[in-house]
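As a plain string of letters, each chain reads:
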Amino acid sequence: MEKHYYYPLDTLKQFEKDVFHAIGVPEDEAEICADVLNAADARGIDSHGAGRLKPIYYDRIVNSKIQNAETKLEIERDIAATAVVNGNNGMGFVIAKKCMDMAMQKAKTYGVGVVIAKNSTHFGIAGYYPLMAAEQGMIGLTATNAKPSTAPTWGVENMLGTNPLVFAMPTDEPFHFTNDFATSTAQRGKVEQYARENKALPPGWVIDQSGAPMSDPHKVLEELTKGSAALTALGGIGEELGGHKGYGYATVVELLSGAMQLGPFLKGLGGMEDGKKTPIYLGHFFMAIDVSHFEDVEKVKKHTGDILRSLRESKKAEGADRIYTHGEKEYYNTLERAKTGVPLPTVVCKQMVQMRDELGLDYSFEWE
């Protein structure tokens, strides 16, 4: 079993902020980047937390030089409740947060606000942004396309990204409802996590060129890069368990994120040209709906809570401990990890040491 070291959330966030700042991200923007990464680890979404600091952000800025550390945001269109923002290949975290802020401001005026980002980059956990709206008594919706990794149903070529379509709604409970997940059965970050932990993938997550399942995460990551393996759409292989439905939602995300701003799509987001890494110009979709334009916010929150409590209190399957609603487990994770810290696998610990040494940061780690 892979050994893990528990590291305090607040110290981890400060380290992430210091790394971002040291590689050229302005201090206020480094705070945003670190907060999103830290939120992933706090909520137990380890596939999008500290484990992605080096390979997804640090390496793309420092080593590959395919992403800008400083974000120069341009508003290209701003018409009533809508806007289109050009991120100019800056930090996706910063672009996304500012776009959702803009969508929420528009929603306060018009009831709804929709902002689309173009020429953006990976923005971490999608759930962070609709939850911003939920915290303000609004409904939030976020979608983003991504590097191709998922095959269409009955296909074997990785065409679509993991393309999350994430919704959040405020409740009267300590946690809001949010369905923060990809439209693929699993996402690349989860495969990376299994590779870090040397665990075999469950059958049906990934298929080879014949459509057969693959289980070795290291082999899968190699083949995904080559385009000779693909993630399955949410629901799995074929249509029997609803794989075509996940495929349909993934396509919706591609249309909202790409078509609405005439941006790159599908294979155009591959990030490779003539064997060299190139920028991946992602598109994002953000919507905020101000609940107060429809009904009293506190009443809606109570009504929403009643719906969720009714689901959790419904009859359980034999042997099941309880029923959860979306966002609940993540909330309990935040409570637990506030006490225990974040479990970091050895490979992430080594990456942190490497970044510290390369940047000359003043940190000592217990695992050294």
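## A closer look at the pattern of salt bridges
- In total, this model carries 25 salt bridges according to the counting rule given.
- In this structure, the salt-bridge partner of E31 is K13, at a minimum N-O distance of 2.9 Å. One end of the pair, E31, is in helix α2 (residues 27-42); the other, K13, is in helix α1 (residues 9-22), and 18 residues separate them in sequence.
- A network of salt bridges, in which partner residues are shared, links D172, E173, K302, D306, R309, R312, R322 and E328.

## Regarding the packing of α1 against helix α11 (residues 346-359)
- Viewed as axis vectors pointing N to C, α1 and α11 meet at an angle of 45°, and their least axial separation amounts to 11 Å. Classified by the interaxial angle, the pair formed by α1 and α11 is oblique. The two elements α1 and α11 cross, and the hand of that crossing is left-handed. On α11, the residues that touch L12, F15, V19 and A22 of α1 are M352, M355, R356 and L359.
- Residues belonging to the contact of α1 with α11 are distributed by class as follows: 7 nonpolar, no polar and 1 charged.

## Regarding the nonpolar core
- F15, F20, F93, Y129, L344, M352 and W367 are the most contacted members of the largest nonpolar core, which totals 62 residues.
- Sequence-distant contacts of M352, defined by excluding residues within four places in its chain, comprise Y7, L12, F15, L344, F365 and W367.
- Of all hydrophobic cores here, the second largest spans 11 residues; its members include Y194, V206, V220 and L231.

## Thoughts on the packing of helix α4 (residues 92-110) against helix α5 (residues 128-135)
- In the contact formed by α4 and α5, the axes pass within 10 Å of each other and the chain directions differ by 30°. Our classification of the angle between α4 and α5 gives roughly parallel. The two elements α4 and α5 cross, and the hand of that crossing is right-handed. The segment α4 lies against α5, with G92, F93, A96, K97, M100, D101 and M104 engaging Y129, P130, M132 and A133.
- Class assignment for the residues of the contact of α4 with α5 results in 8 nonpolar, 1 polar and 2 charged.

## Notes on the pairing of strand β14 (residues 342-345)
- Of the two faces of β14, the one lined by V342 and L344 and the one lined by P343 and P345 are each fully buried.
- Bridging between strand β1 (residues 4-7) and β14 involves 4 bridges; their strand directions are antiparallel. Residue H4 lies in a different strand from β14, and its bridge partner there is P345.

## Observations regarding the sheet that holds strand β8 (residues 206-208)
- Spatial strand order, β9-β8-β10: 3 strands in an open sheet with antiparallel pairing. Because the sheet does not close on itself, it has two edges, and the strands there are β9 (213-214) and β10 (229-231).
- Bridging between β8 and β10 involves 3 bridges; their strand directions are antiparallel. Within β10, the residue paired with D208 across the bridge is A229.
- The sheet strands contacting helix α7 (residues 217-226) are β8, β9 and β10, and the helix crosses β10 at an angle near 100°.

The rules behind each value
- Residues numbered from 1 in each chain as written.
- Predicted model: local features only at pLDDT ≥ 70, side-chain atom pairs only at ≥ 80, totals over all residues.
- Heavy atoms only, no water.
- Salt bridge = Lys/Arg side-chain N within 4 Å of Asp/Glu carboxyl O.
- Helix = DSSP H or I, 4+ residues; strand = E, 2+ residues; numbered from the N terminus.
- Axes fitted to C-alpha atoms, helices over the stretch in contact; angles between N-to-C directions.
- Parallel < 35°, antiparallel > 145°, perpendicular 65-115°, else oblique.
- Left-handed = near helix turned anticlockwise from the far one by under 90°.
- Contact = heavy atoms within 4.5 Å.
- Nonpolar A, V, L, I, M, F, W, Y, C, P; charged D, E, K, R; others polar.
- Core = buried A, V, L, I, M, F, W, Y, C linked by side-chain atoms within 4.5 Å.
- Buried < 20%, exposed > 50% of the residue type's maximum accessible area, 1.4 Å probe, protein only.
- Pairing = 2+ DSSP bridges.

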